[in-house]
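Survey of secondary and tertiary structure
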Amino acid sequence: MKVIVCGAGQVGSNIARQLARERNDVTLVDQSAELVRKIGDELDVRAMVGHASHPNVLERAGARDADMLIAVTYSDEVNMVACQIAHSLFDIPKKVARIRSQQYLEPIWSHLFSRDNLPIDVITSPEIEVAQAIERRLKVPGAIDTVSFAEGRVQVIGVRLDERCPIVNTPLRQLTELFPDLNVVVVAIYREGNMIVPSSVDQMYPGDEVYFAADSKHVSRAMPLFGHEEQEARSIVVVGGGNIGLHLAQFIEKNMRNVSLKIIEHNRKRAEDILEHLENTVVLHGDALDPDLLQEANVARAETIVALTNDDEVNILSSLLAKGQGCETAITLINNPVFGNLVTTLGIDVVVDPRATTVSEILQHIRRGRIRGLHSFRDGAAEVVEGEALETSQLVGKPLREINLPAGTIVGAIIRGDKVEIPRGDTIIKTNDRVVMLGLRNAVRKVEEMFTVSLEFF
């Protein structure tokens, strides 16, 4: 597949990296000569300097025979114009644009992005996606990551294990024997920097990050088995009242009505503005690194602090200060991936990476075949996809134990109508079943092929 990526920031470079790993023909365009040189040295992509919305630049990037354009520059307007030119001048089949400004996304203007106006096939909004990622974590206390598939019927959840977990040092095959009616299967373990798909004889150890697929109805029963019995928060403090913080607060007011919510916002005008959009939330103006203000926000009695400013250091330090005052759980937004692997050792419970969240959303629309959902874990170390089983797929018609699944892949759940089935050796997948599968980085293409029929591209 031939793809043009406009924008060499964190999102664009990571999409390019992912696609290059899978041997796609990738051209990256950015105005920064320094970024272009850096990406060109690091990745097997063609990198060129230029303005992403200029027709001559896109033509030099290969727009006349490109299959897809992904516009993720820092300018919404450049992204939109690039997609318009890709459609009008070069007839590129699929256009993806990152739109950050919420004004463009208001329902009243939904017709703006129609094929007759601005023909963008997929719009991704980082602020909304990050807020939704945090919402999912709040709904499953103790999870470090969680994503839903099949309209919420299946969840894939990541948890960090410690010595309190009752099933550490237990072979996985024994879990089925001990809990035969629990619809849960461990699909991956992240240990000492490596992601593995476990076999039935593998064990889980303290310090592991474990990812399991579960029938959503069974999640509340499964979490205590993995050592997590945290209760849903009743008091939450949000640091940062930007678009993410506002969207999260509106969700909490609508869907978590018993929660006491406070927002700390450094900018006085922004604090006044967001107050007009909220009903039951207390908005405090001030510095989240001020211990007196944290005390005024009563973080000592809050179950969760969610730090969402644009400054990683403020997010990290405010989270640690809150925990020092007695807050139970810290959910912290971190843009710099270098910090991500360090802060959990300091006591931060959940790290939210907006770059990874946006990349996952975009990859869902890049994959070939009947892919209905996708989520990337641990910077692309593994992907979970929900796909529709086609009649021609090797998954269909035989017991799973007789299917020679590619190394590094595992079936996590099967959805047939309204029923969720956690796979066992004698499970038979039928045509049109929806299948949730995990594949390690080097097996993602093989997972994709299982949901693809020749000459079909979605």
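Residues numbered from 1 in each chain as written. Predicted model: local features only at pLDDT ≥ 70, side-chain atom pairs only at ≥ 80, totals over all residues. Heavy atoms only, no water.

As named in an unreviewed UniProt entry, the protein chain is Trk system potassium uptake protein TrkA, taken from Sneathiella marina.

Re the overall build of the protein chain
In terms of helices and strands, the protein chain carries 14 helices and 22 strands. Computed over C-alpha atoms, the radius of gyration of the protein chain comes to 23 Å, within 12% of the 23 Å expected from 2.2 N^0.38 for 458 residues, which places it in the range of a compact globule. By its C-alpha atoms, the protein chain is 60 × 60 × 40 Å across when sized along the principal axes. Entry remark: accessible area of the protein chain is about 20500 Å², with carbon and sulfur atoms responsible for 47%. The distance from the centre of the 49 positive side-chain charges to the centre of the 64 negative ones in the protein chain is 5 Å. (Helix = DSSP H or I, 4+ residues; strand = E, 2+ residues; numbered from the N terminus. Rg over C-alpha atoms; globule rule 2.2 N^0.38 Å. Areas by Shrake-Rupley, 256 points an atom, 1.4 Å probe, with all protein chains shown as cover. Lys, Arg positive; Asp, Glu negative; His and termini not counted. Charge placed at Lys NZ, Arg CZ, Asp CG, Glu CD.)

Here we look at the UniProt feature "domain: RCK C-terminal" (unreviewed entry) in the protein chain
Per the UniProt record, the feature "domain: RCK C-terminal" (unreviewed entry) sits at residues 144-228 and 372-453. Each end of residues 144-228 is marked by a C-alpha atom, and these two atoms are 11 Å apart; helix forms 16% of the span and strand 36%. (UniProt positions renumbered as here; feature names shortened; annotations may be inferred.)

Focus: the nonpolar core
Grouped together as the largest cluster of nonpolar side chains are 39 residues, with contacts concentrated most on Ile15, Ile70, Ile362, Ile366, Ile429, Met437 and Phe451. At the level of elements, β1 (2-6), α1 (10-21), β2 (25-30), β4 (68-71), α13 (354-364), β18 (371-377), β20 (409-416) and β22 (434-440) are the ones that each hand at least two residues to this core. Per-element tally for this core: the top contributor is α1, with five residues. Filtering out sequence-adjacent residues up to four positions away, isoleucine 15 remains in contact with Val5, Ile70, Val359, Ile362 and Ile366. (Core = buried A, V, L, I, M, F, W, Y, C linked by side-chain atoms within 4.5 Å. Buried < 20%, exposed > 50% of the residue type's maximum accessible area, 1.4 Å probe, protein only. Contact = heavy atoms within 4.5 Å.)

Concerning the sheet that holds strand β21 (residues 419-421)
Spatially, β18-β19-β22-β20-β21 is the arrangement adopted by the five strands of the open sheet, whose pairing is antiparallel. In this open sheet, the two edge strands, each paired with only one partner strand, are β18 and β21. Averaged over all pairs of adjacent strands, the angle between their axes in this sheet comes to 15°, without regard to strand direction. Here strand β19 (residues 382-388) runs beside β22; their pairing, made up of seven bridges, is antiparallel. Considered in β22, the bridge of glutamate 383 is made with glycine 439. Against the sheet, α13 engages β18 and β19, with an angle of about 150° to β18. (Pairing = 2+ DSSP bridges. Axes fitted to C-alpha atoms, helices over the stretch in contact; angles between N-to-C directions.)

A few points about the pairing of β22
Burial within β22 is extensive, with seven of its seven residues counted as buried. Neither face of β22 is left uncovered, since the one carrying Arg434, Val436, Leu438 and Leu440 and the one carrying Val435, Met437 and Gly439 both have all their residues buried. Pairing of β20 with β22, which is carried by six bridges, proceeds in the antiparallel orientation. Of the residues in β22, the one forming a bridge with valine 411 is methionine 437.

A closer look at unusual backbone geometry
Of note, the phi angle at aspartate 91 is positive, near 50°, even though the residue is not glycine. When you line up the elements, aspartate 91 lands in the loop between α4 (76-88) and β5 (94-98). Positive phi, close to 55°, is recorded for alanine 150, a residue that is not glycine. Structurally, the position occupied by alanine 150 is in the loop between β7 (143-149) and β8 (154-160). The buried category is assigned to alanine 150, whose relative accessible area is 2%.

Comments concerning the pattern of salt bridges
Under the criterion given, the structure shown has 21 salt bridges. Among the ionic pairs, lysine 2 bridges to aspartate 65, the shortest N-O distance being 2.7 Å. Of this pair, lysine 2 sits in strand β1 while aspartate 65 sits in the loop between α3 (55-60) and β4, placing them 63 residues apart in sequence. Salt bridges sharing common partners tie together Glu151, Arg153, Glu386, Asp418 and Arg434. (Salt bridge = Lys/Arg side-chain N within 4 Å of Asp/Glu carboxyl O.)

Structural notes on the side chain of serine 235
Structurally, the position occupied by serine 235 is in strand β12 (residues 235-239). Serine 235 has contacts with Ser260, Arg301, Ala302, Glu303 and Thr304, leaving out every residue within four places of it along the chain.

What to know about helix α5 (residues 126-139)
With 14 residues, α5 should reach 20 Å at 1.5 Å per residue; the first-to-last C-alpha distance of 20 Å fits that figure. By the criterion of burial, α5 is predominantly enclosed, with 10 of the 14 residues buried. Residues of α5 that are buried: Pro126, Glu127, Glu129, Val130, Ala131, Ala133, Ile134, Glu135, Arg137 and Leu138. (Expected span 1.5 Å × (residues − 1).)

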